[in-house]
Amino acid sequence: RRQREAGKINQSLHTLSKVITSLGTAGKGGKTFADYRDSKLTRILKSSLSGNARMVTICCATPSGAYAEETKFTLQFASR
């Protein structure tokens, strides 16, 4: 059950990443298309992400070597 739940969380974060990326790159005429329907998280955040709003991503990282891979992925996500 936990593994399935973790998979759903990762899928939602991946979808959020795709939406943020699509909003950050304007298409022709300055319009963008972001598919909010792919996860519950993006549907909930749709009103906050769309429009003329500025957004900041805050990530937590640790200097511990035990979590180096997770920290790397977190920083990659934040840099998008």
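Structure first, text after, so check above.
Residues numbered from 1 in each chain as written. Predicted model: local features only at pLDDT ≥ 70, side-chain atom pairs only at ≥ 80, totals over all residues. Heavy atoms only, no water.

Engineer: What is the right way to read helix α1 (residues 2-24) from this model?
Structural biologist: Residues three or four positions apart in an α-helix share a direction because the helix packs 3.6 residues into each turn. Along its 23 residues, α1 runs 33 Å from first to last C-alpha, staying within 8% of the 33 Å computed at 1.5 Å per residue. Taken as a whole, α1 has its buried residues at S12, T15, L16, S17, V19, I20 and S22. For α1, the secondary structure elements touched by its buried residues are α2 (40-49) and α3 (68-78). (Helix = DSSP H or I, 4+ residues; strand = E, 2+ residues; numbered from the N terminus. Expected span 1.5 Å × (residues − 1). Buried < 20%, exposed > 50% of the residue type's maximum accessible area, 1.4 Å probe, protein only. Contact = heavy atoms within 4.5 Å.)

Engineer: For this particular structure, what's the right way to read a positive patch on the surface?
Structural biologist: Together, R1, R2, R4, K8, K40 and R43 line one region of the surface with positive charge. Secondary-structure elements contributing two or more residues to the positive patch are α1 and α2. Of all the elements, α1 adds the most residues to the positive patch, at three residues. Along the chain, the position of K8 falls in helix α1. Under the relative-accessibility criterion, K8 is labelled exposed at 59%. (Patch = residues over 30% accessible without salt bridge, like charges linked within 9 Å, V, L, I, M, F, W, Y side chains within 5 Å. Areas by Shrake-Rupley, 256 points an atom, 1.4 Å probe, with all protein chains shown as cover. Salt bridge = Lys/Arg side-chain N within 4 Å of Asp/Glu carboxyl O. Lys, Arg positive; Asp, Glu negative; His and termini not counted. Charge placed at Lys NZ, Arg CZ, Asp CG, Glu CD.)

Engineer: I keep staring at the state of the cysteines and nothing clicks. Help me out?
Structural biologist: Working definition: the covalent bond between the sulfur atoms of two cysteines is a disulfide. For the structure on display, the rule yields zero disulfides. No disulfide involves C59; its sulfur sits 7.5 Å from that of C60, the nearest cysteine. Given a relative accessible area of 29%, C59 falls into the partly exposed group. (Disulfide = S-S within 2.5 Å.)

Engineer: How should I be thinking about the pattern of salt bridges in this particular structure?
Structural biologist: Once the charged atoms of two side chains with opposite charge are near each other, the side chains can pair. By the definition in use, this model includes one salt bridge. The closest approach of N and O atoms between R37 and D35, which form a salt bridge, is 3.0 Å. Of the residues examined, R37 reaches a relative accessible area of 62% and is grouped as exposed.

Engineer: What is the right way to read the side chain of S39 from this model?
Structural biologist: Looking at the secondary structure, you find S39 in the loop between α1 and α2. Here S39 is in contact with S12 and T15, once residues within four sequence places are set aside.

Engineer: Help me understand the packing of α1 against α2, please; the structure alone is not making it clear to me.
Structural biologist: Between two packed helices, both the angle of their axes relative to each other and the distance between the axes serve to describe the pair. Where α1 meets α2, the axes come as close as 10 Å, and the angle between the chain directions of the two elements is 30°. Viewed along their axes, α1 and α2 adopt a mutual orientation that is roughly parallel. For α1 against α2, the interelement crossing comes out right-handed. The residues of α2 that touch α1, namely those facing S12, L13, T15, L16, V19 and L23, are L41, T42, L45 and L49. In the contact of α1 with α2, the residues fall into seven nonpolar, three polar and no charged. (Axes fitted to C-alpha atoms, helices over the stretch in contact; angles between N-to-C directions. Parallel < 35°, antiparallel > 145°, perpendicular 65-115°, else oblique. Left-handed = near helix turned anticlockwise from the far one by under 90°. Nonpolar A, V, L, I, M, F, W, Y, C, P; charged D, E, K, R; others polar.)

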